[in-house]
Every structure is written in C-alpha cells, then in structure tokens.
Amino acid sequence: QVQLVESGGGLVQPGGSLRLSCATSGFAFSNYWMYWVRQAPGKGLESVSAIHQGGMTTSYANFVQGRFAISRDSAKDTLYLQMNSLKPEDSAVYYCAKSPGDAVVVETSDYDYWGQGTQVTVSS
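Read on for an overview of the structure. (Residues numbered from 1 in each chain as written. Predicted model: local features only at pLDDT ≥ 70, side-chain atom pairs only at ≥ 80, totals over all residues. Heavy atoms only, no water.)

1. A closer look at the overall build of the protein
Move 1: Helix and strand counts for the protein stand at zero helices and 11 strands.
Move 2: Element order for the protein, N to C, with α for helix and β for strand: β-β-β-β-β-β-β-β-β-β-β.
Move 3: For the protein, the spread of C-alpha atoms along the three principal axes comes to 40 × 30 × 25 Å.
Move 4: Contacts in the protein between residues at least 24 apart in sequence constitute 57% of all its contacts with a sequence separation of at least 6.
Move 5: Total accessible area on the protein stands at roughly 6100 Å², and carbon and sulfur atoms take up 48% of it.
Move 6: Put simply, the protein has 8 plus and 10 minus side-chain charges, and the middle of one group is 8 Å from the middle of the other. (Helix = DSSP H or I, 4+ residues; strand = E, 2+ residues; numbered from the N terminus. Contact = heavy atoms within 4.5 Å. Areas by Shrake-Rupley, 256 points an atom, 1.4 Å probe, with all protein chains shown as cover. Lys, Arg positive; Asp, Glu negative; His and termini not counted. Charge placed at Lys NZ, Arg CZ, Asp CG, Glu CD.)

This is the structure in structure tokens:
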C-alpha cells in the first residue's frame, strides 16, 4: 500500500536549519508531483512547496521563498525539504503529500495520500 513517512522535525532556534525527509513506498514515486504542506496550531493547511516528477520544476509559497528548498531522490523514493533561516512563524506540523495523478494539483484537499506529519518548532 502507499506509504509516506516524514522525519527530520524537531526544535531549532530562530535562524537555524532543518532538513525534512519523506520516505515513500507503494507507488511509482518518479511519476507524481509531490508536495509539502504545513499546519500551525489553530490554523488551516498551508501549501509550502511542490516539485515536478523530474525535479526540475519547483514552486514555493511566498512566505518561504528563498529560505526553503524542495528536492527529490528517485533512487531512494524520497522527498526532501531543506529549511534555512527558520522563523518562529514556521513552527507547524509539516506533511508530505502526493498528487492523485501525473498532473500538478493546486488544492491540498485533492492530494490523495499524506504522511503522518513531523513537528517543527522554532523557538529560542
């Protein structure tokens, strides 16, 4: 069955860095757009970043542009999110998610599989 398992979250000071990983299995990873989404306490889901099947096309929310970098390793069926210059407002549960088909999907409600999430806390 399809599985997405995030890791790499934790507590970091403002200005610090973390690298999130999303290990996948049960589907042809290289055939799908993949996404990072976050949810802060008391808030809704926020799209963070997306990456094309081949990894050459990426997109970012304005609030992470220039600080975060999404990437993927098809040999390992793993998605990554490198987060630099972290701010307290980046604190959230971060989820990886998968497109239902081979096209990009804008609405998070249309993603068909999600990981369990990993907590990122940015605090001094």
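Don't stop here, the text continues.
2. Points about the sheet that holds strand β1 (residues 3-7)
Move 1: Strand order across the open sheet formed by four strands is β1-β3-β8-β7, with antiparallel pairing between neighbours. One side of each edge strand has no neighbouring strand; the edge strands of this open sheet are β1 and β7 (68-73). Adjacent strand axes in the sheet meet at a mean angle of 15° when their direction is disregarded.
Move 2: Two elements, β1 and strand β3 (residues 18-25), share five bridges in a ladder whose sense is antiparallel. What sits directly across from Ser7, in β3, is Ser21. (Pairing = 2+ DSSP bridges. Axes fitted to C-alpha atoms, helices over the stretch in contact; angles between N-to-C directions.)

Any functional reading would require information beyond the geometric quantities listed.
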